[in-house]
Amino acid sequence: MEKAVYFFGDGSAEGNREMKSLLGGKGANLAEMTSLGLPVPPGFTISTEVCTFFYLNQKQYPQGLETAVDQALQKVETLMGLRFADKNNPLLLSIRSGARVSMPGMMDTVLNLGLNDETVLGLARNADERFAYDSYRRFIQMYSDVVLGVSPHQFENLIEEERRRETVKSDSELTAEALKRLVAGFKKIVLMETGKAFPSDPKAQLWGAISAVFDSWNSARAISYRRIHKISEDWGTAVNVQAMVFGNMGNDCATGVAFTRDPSTGEKRFFGEFLSNAQGEDVVAGIRTPCPINKESANGSDLPTLEGTMPVAYKDLVRTYQILEKHYRDMQDIEFTIQKGKLFMLQTRTGKRTANSAVRIAVDMVNEGLISQTEAILRVTPAQVEQLLHPRLDPRHPKDVIAKGLPASPGAASGEVIFSSEEAEELKKKNKKVILVRHETSPEDIGGMDASEGILTALGGMTSHAAVVARGMGKPCVAGCGSINIDYKNQQFTVGSHKVKKGDILTIDGASGEVILGYVPTINSQLDEYFKAFMTWVDGHRKLQVRANAETPHDVKVARTFGAEGVGLCRTEHMFFEESRIMAVRQMILAESKKHRESALEKIFPMQKEDFKGIFREMRGFPVTIRLLDPPLHEFLPKTDPEIVSIARSLGTSKETIQAKLRSLHEFNPMLGHRGCRLGVSFPEIYSMQVRAIMEAACELIKKEDFKIEPEIMIPFIGAVEEYRLLKSAISAVCEKVLSDQKVQVAFSIGTMIEIPRAALIADKLAEEASFFSFGTNDLTQMTLGLSRDDSGSFLPLYVEKGIYASDPFVSLDQDGVGELVSLACERAKRGNSSIKIGICGEHGGDTSTIEFCNRLGFNYVSCSPFRVPVARLAAAQATLKQKVS
Ligand code: PEP
Ligand code: MG
């Protein structure tokens, strides 16, 4: 390792914003802000490579690290005109962790490091006593919690005692004497809990904190956070050591956090919160309720604003945020401290935002000339578009609003009230929906939040842990709902005259902040003008067509409104399942002769024809692929006694005859049995009826409704060329007959699904006969992996947890295995038929990484469920843009 420590201060820095992998997000941006000439307290970053070294070498540090740290520290001392560990004029440090991406699961911050019984006296002499001891007690409290692992509640109890003794409401009102007592009390707690005195040597404190940051990379909660957010174990964290500036020196001091645009709506307004006479952690921890930095952030409250109370510093802050936003060309989330009226910047990073806000900011920034359309498209994630399609409360339904908190993360959800994260995780395993209710949340709650439908907290602001994490997870969250009184012991909360107990149903609306008693149904959100503009750009940048898997006119209509450009898979068997048709379907299957079967099929025919007409109408002008009947016949068969009796009666036969027939239809492995085109081979009259319905529907629409339509008839489950030829010729004959009877010209095409590995291997020969291929990756995955789609649920999650498969192969295409087969089939297909149309219609068709894969292979389209269409459109555009870049 050539260099382990990177200095920043006084307008120049050894790092920059591009060095996030080495310096972590925080370190890289501190360096960048310093170089921009912004007021950043000097400091240095110990790189992530040191973290990697630390873990590879039994927690040893690389040679020369200590010297490099000492040298960097000396530079900080010189710039600050103070000395670390100096009794008269002590330099204090802040130590903060910082990985490549923000990770609330890790040790975050230790402030005021360098204080002991002697240096505190120097600090008191230079500033004032109350401030010095406030900083000292904060230091012991934080250091004990995050470095020594002493549980914070004992410290909180002591503070509470002092508040009572001094009859004050907040910590900032405690006197110097009270704070001195706290320091002594805290040290006793540490001795009792750890068996060792609190470390008084500043150097030992510093190395203790550095080690704790590196250790925290592998804490249980950090590992859990990485697992949920798919962050690599190998990245490691950096450590940022920086000179302290103080927001707790008096009433001309403050600390706060802000967003350069509204992170909830995306509106172009400076938005944030601050606390006067406080240190950074107070804002995030939700201990005191923060004040808005300006009127725009006030949400109707009449709390004092920063703009009003410290106008000069506020002006500086506005100038700084504008510089940052212009420089980073993105919405920033900033942390600042004001010491004696002077502004200092402690952090800037790309602000987390809701899906709505992501789209609006991207569109606004293009219109402001700040970014290009391409950048805008790449900035909104497919997951955010998915979030946009999230439900909101049905306004027609009455609601019993019992409280209102901050609208911290949009979306609405109902569930059973639960007060602990562990229980939330337990109940999730039992498929229960829960709303997690807490005073506030901390990184330990990540698992519980993930398991909940929504989160409600009594404390904390819009930038509290609960708010930020929920927004990232796309879960509804109502934060800072001060009117609820939580009683963990009795597992209930009260608000006004209401008592809400564990297990009661609660609804929260993260967009309005409303807390509602009981269940309220939800509907999907309206997609606004920003979304429409954004999606128009998206569509201009993609090569892949996006179709939908849909089989009812209603679903096809929904798919159209989401921008589907055709139906990629219409599973006709779904039409057979309908209540009104099932009797005829059963008659068809159980019929003793072809004649009886045909007469049953005649009953189904008009219904199918009407279905197809409805679908064609909704998809007017776009292609529709209709798959002929696929599933095993026994799925339609009667199971209960009354059903058997009823079908026997309708066929004029005995119950026993039907039972015998049912036994004969039993299959040991129906997924590999008499299904798909095998039914078409055994009972050609089924496919004939379906094809006739498709073609007559098309002809009638063309004749009567002036339509242009080209039905695509798809044969499922093909495994042999002869099998395909046989069916294709039967289908063509029916088509030609309908066309000649109806005297209309309809361009139709016939193709197949690639679902059986053998079909992939003989793709060249099949392609000579087929107009199109659609990869049925559900079955192709099942058969390639030898993994039953219906039975793997009980053990497959373990495979993913153990890393045997990187992700569930039924969700995201197994590119190394199934993907190889797909790629080989594409290559062979093009060899057999250079103009063959290729698509995908398995569930993978809506998965981002699979879409990228299909784009790479030059597919014509992907097809997915209607609600995923916008997600797929974006993923397809991003795939094209990324391919161009690489
Ligand atoms: C498939 O196998 O991927 C497919 C789309 O067909 P089904 O899910 O209906 O078997
Ligand atoms: Mg299939």
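Heads up: the structure comes first, above all this text.
As the structure is a computational prediction, the values presented were derived from the model and not from experiment. (Residues numbered from 1 in each chain as written. Chains lettered and ligands numbered in written order. Predicted model: local features only at pLDDT ≥ 70, side-chain atom pairs only at ≥ 80, totals over all residues. Heavy atoms only, no water.)

What follows deals with the coordination of the magnesium ion (ligand 2). Looking at the magnesium ion (ligand 2), the protein donor atoms are Glu755 (OE) and Asp779 (OD), and they sit 2.0 Å from it. One end of the pair, Glu755, is in the loop between β31 (749-754) and α29 (757-761); the other, Asp779, is in helix α31 (residues 777-785), with 24 residues separating them in the sequence. Among the residues examined, Asp779 registers a relative accessible area of 2% and is labelled buried. (Donors = N, O, S within 2.8 Å, 3.2 Å for Na, K, Ca; no water. Helix = DSSP H or I, 4+ residues; strand = E, 2+ residues; numbered from the N terminus. Buried < 20%, exposed > 50% of the residue type's maximum accessible area, 1.4 Å probe, protein only.)

Further remarks concern the packing of aromatic side chains. Per the counting criterion, the structure on display carries 17 aromatic pairs. Residues Phe270 and Tyr314 carry aromatic rings whose centres are separated by 6.3 Å and whose planes lie at 40° to one another, so their mutual orientation is tilted. Taken together, the residues span a long stretch of sequence, with Phe270 in the loop between β9 (254-259) and β10 (271-276) and Tyr314 in helix α12 (residues 311-328) at a distance of 44 residues. Residue classification places Phe270 among the buried positions, given a relative accessible area of 4%. Clustering of aromatic rings is evident, with ring pairs tying together Phe54, Tyr55, Tyr61, Trp207 and Phe214. Directly above the ring of Phe7 sits Lys75, whose terminal nitrogen or CZ lies 4.7 Å from the centroid. Positioned over the ring face of Tyr861 is Arg547, at 4.0 Å from the centre of the ring. (Phe/Tyr/Trp six-rings, centres within 6.5 Å; stacked < 30°, edge-to-face > 60°. Lys NZ or Arg CZ within 6 Å of the ring centre and 35° of its normal.)

Taken in spatial order, the three strands line up as β21-β22-β23 in an open sheet, and their pairing is antiparallel. Because the sheet does not close on itself, it has two edges, and the strands there are β21 (485-487) and β23 (498-501). Taken pair by pair, the neighbouring strands of this sheet meet at an average axis angle of 20°, ignoring direction. Judged from the four bridges that link them, strand β22 (residues 492-495) and β23 form a sheet pairing that is antiparallel. Residue pairing across strands places Gln492 opposite Lys501, the latter belonging to β23. (Pairing = 2+ DSSP bridges. Axes fitted to C-alpha atoms, helices over the stretch in contact; angles between N-to-C directions.)

Our next topic: the nonpolar core. Soluble, globular proteins show a tendency: their nonpolar side chains are buried together. Among the nonpolar cores identified, the biggest contains 135 residues, and Phe534, Phe616, Phe773 and Phe775 are the most heavily contacted of them. The biggest single contributor to this core is helix α27 (residues 684-705), with twelve residues. Ignoring anything within four residues of it in the chain, the contact list for Phe773 reads Thr752, Ile754, Ala763, Leu766, Ala767, Ala829, Ile836, Lys837, Ile838, Gly839 and Tyr861. In this structure, Phe44, Ala72, Ile159 and Trp207 belong to the second largest nonpolar core, which totals 85 residues. (Core = buried A, V, L, I, M, F, W, Y, C linked by side-chain atoms within 4.5 Å. Contact = heavy atoms within 4.5 Å.)

Burial analysis of helix α22 (residues 582-590) places eight of its nine residues in the buried class, the great majority of the element. Among all positions in α22, only Ile582, Ala584, Val585, Arg586, Gln587, Met588, Ile589 and Leu590 are buried. Lining the buried residues of α22 we find α21 (573-576), α23 (594-618), α24 (641-651), α25 (655-665) and α27.

Right, let's get into the packing of helix α4 (residues 119-126) against helix α5 (residues 129-146). Running from amino to carboxyl end, α4 crosses α5 at an angle of 145°, the nearest separation of the two axes being 7 Å. In this structure, α4 meets α5 at a crossing whose hand is right-handed. In this structure, α4 contributes Val120, Leu121, Leu123 and Ala124 to the contact, and α5 contributes Glu129, Phe131, Ala132, Tyr133, Ser135 and Tyr136. Residue composition of the contact of α4 with α5, grouped by class: eight nonpolar, one polar and one charged. (Left-handed = near helix turned anticlockwise from the far one by under 90°. Nonpolar A, V, L, I, M, F, W, Y, C, P; charged D, E, K, R; others polar.)

Next up on the list: the sheet that holds strand β7 (residues 109-113). Taken together, the six strands give an open sheet; going across it, the order is β2-β1-β3-β8-β6-β7, and neighbouring strands pair in antiparallel fashion. Each of the sheet's edge strands pairs with one partner strand only, and the pair in question is β2 (12-13) and β7. Examined bridge by bridge, strand β1 (residues 5-9) and β2 share two bridges and lie antiparallel to one another. Residue pairing across strands places Gly9 opposite Ser12, the latter belonging to β2. Against the sheet, helix α1 (residues 20-35) touches β1, β2, β3 (43-46), β6 (93-99) and β8 (237-243), its axis set at about 35° to β8. Its contacts with the sheet put helix α8 (residues 202-216) on β3, β6, β7 and β8, and the angle it makes with β8 is roughly 150°.

All right, on to the packing of helix α34 (residues 848-856) against helix α35 (residues 869-885) then. Two elements in contact, α34 and α35, have axes whose closest approach is 9 Å; the angle formed by their N-to-C orientations is 50°. Classified by the angle their axes make, α34 and α35 are oblique. Between α34 and α35 lies a crossing of right-handed hand. Contacts between α34 and α35 involve Thr848, Ile851, Glu852, Asn855 and Arg856 from the first element and Ala872, Ala875, Ala876, Ala879, Thr880, Lys882 and Gln883 from the second. Considered class by class, the residues forming the contact of α34 with α35 number five nonpolar, four polar and three charged. (Parallel < 35°, antiparallel > 145°, perpendicular 65-115°, else oblique.)

For the rest of this paragraph, the subject is a nonpolar patch on the surface. A cluster of nonpolar side chains, Phe795, Leu798, Tyr799 and Ile804, forms an exposed patch at the surface whose accessible area comes to about 350 Å². Residue placement: Leu798 occurs in helix α32 (residues 796-801). The exposure class of Leu798 is partly exposed, given its relative accessible area of 44%. (Patch = residues over 30% accessible without salt bridge, like charges linked within 9 Å, V, L, I, M, F, W, Y side chains within 5 Å. Areas by Shrake-Rupley, 256 points an atom, 1.4 Å probe, with all protein chains shown as cover. Salt bridge = Lys/Arg side-chain N within 4 Å of Asp/Glu carboxyl O.)

Attention now goes to the site of ligand 1. Around ligand 1, a shell composed of 14 residues is seen, among which Arg571, Arg627, Gly776, Asn778 and Arg789 lie nearest. A distance of 2.8 Å is found between an oxygen atom of ligand 1 and a side-chain nitrogen or oxygen belonging to Arg571. Interatomic distance of 2.9 Å between a side-chain N/O atom of Arg627 and an oxygen atom of ligand 1. Calculation on ligand 1 without its partners gives an accessible area of 280 Å², and the protein chains cover 95% of this total. The set of elements that each furnish at least two residues to the shell around ligand 1 consists of β28 (567-571) and α31. No other element matches the three residues that α31 contributes to the shell around ligand 1. Split by residue class, the shell around ligand 1 holds three nonpolar, four polar and seven charged. (Near = heavy atom within 4 Å. Polar contact = N/O pair within 3.5 Å; in protein donor to acceptor, adjacent residues only side chain to side chain.)

Now for the pairing of strand β27 (residues 545-549). A large share of β27 lies buried, amounting to four of its five residues. Taken together, the four bridges between β27 and strand β34 (residues 861-864) define a ladder with parallel strand orientation. Opposite Arg547, over in β34, you have Ser863 as the bridge partner. Examined bridge by bridge, β27 and β28 share two bridges and lie parallel to one another. Across the sheet, Asn549 pairs through a bridge with Leu569, a residue of β28. Regarding the hand of the β-α-β motif, the stretch spanning β27, helix α20 (residues 553-561) and β28 is right-handed. (Right-handed = clockwise from strand over helix to strand, strands pointing away.)

Our focus in this paragraph is the state of the cysteines. One way to say it: the disulfide is the covalent bond shared by the sulfur atoms of two cysteines. By the definition in use, this model includes zero disulfides. Summary of cysteine pairing: Cys677 is not part of a disulfide, and the nearest cysteine sulfur, belonging to Cys841, is at 14 Å. Take Cys735: it sits in no disulfide, and the sulfur closest to it among the cysteines is that of Cys699, at 9.2 Å. (Disulfide = S-S within 2.5 Å.)

The next point concerns α8. When the terminal C-alpha atoms of α8 are compared, their 21 Å separation across 15 residues agrees well with the 21 Å that a helix rising 1.5 Å per residue should span. The complete set of buried residues in α8 reads Pro202, Gln205, Leu206, Trp207, Ala209, Ile210, Ala212, Val213, Phe214 and Ser216. (Expected span 1.5 Å × (residues − 1).)

Pairs can form between side chains of opposite charge whenever their charged atoms are close. Throughout the structure, instances matching the rule amount to 56 salt bridges. Residue Arg692 is joined to Glu602 by a salt bridge in which the shortest nitrogen-to-oxygen separation is 2.6 Å. You can see Arg692 sitting in helix α27 and its partner Glu602 sitting in helix α23, a full 90 residues away along the chain. Salt bridges linked by common partners bring Glu573, Arg627, Asp630, Arg675, Asp779 and Arg789 together as one network.

Glancing now at unusual backbone geometry. Positive phi, normally seen in glycine, also occurs at Asn431, with a value near 65°. Relative to the helices and strands, Asn431 is located in the loop between α16 (421-429) and β18 (434-438). Here the phi dihedral of Asp706 falls at roughly 50°; this positive angle occurs in a residue that is not glycine. Of note, Asp706 is situated in the loop between α27 and β30 (711-715).

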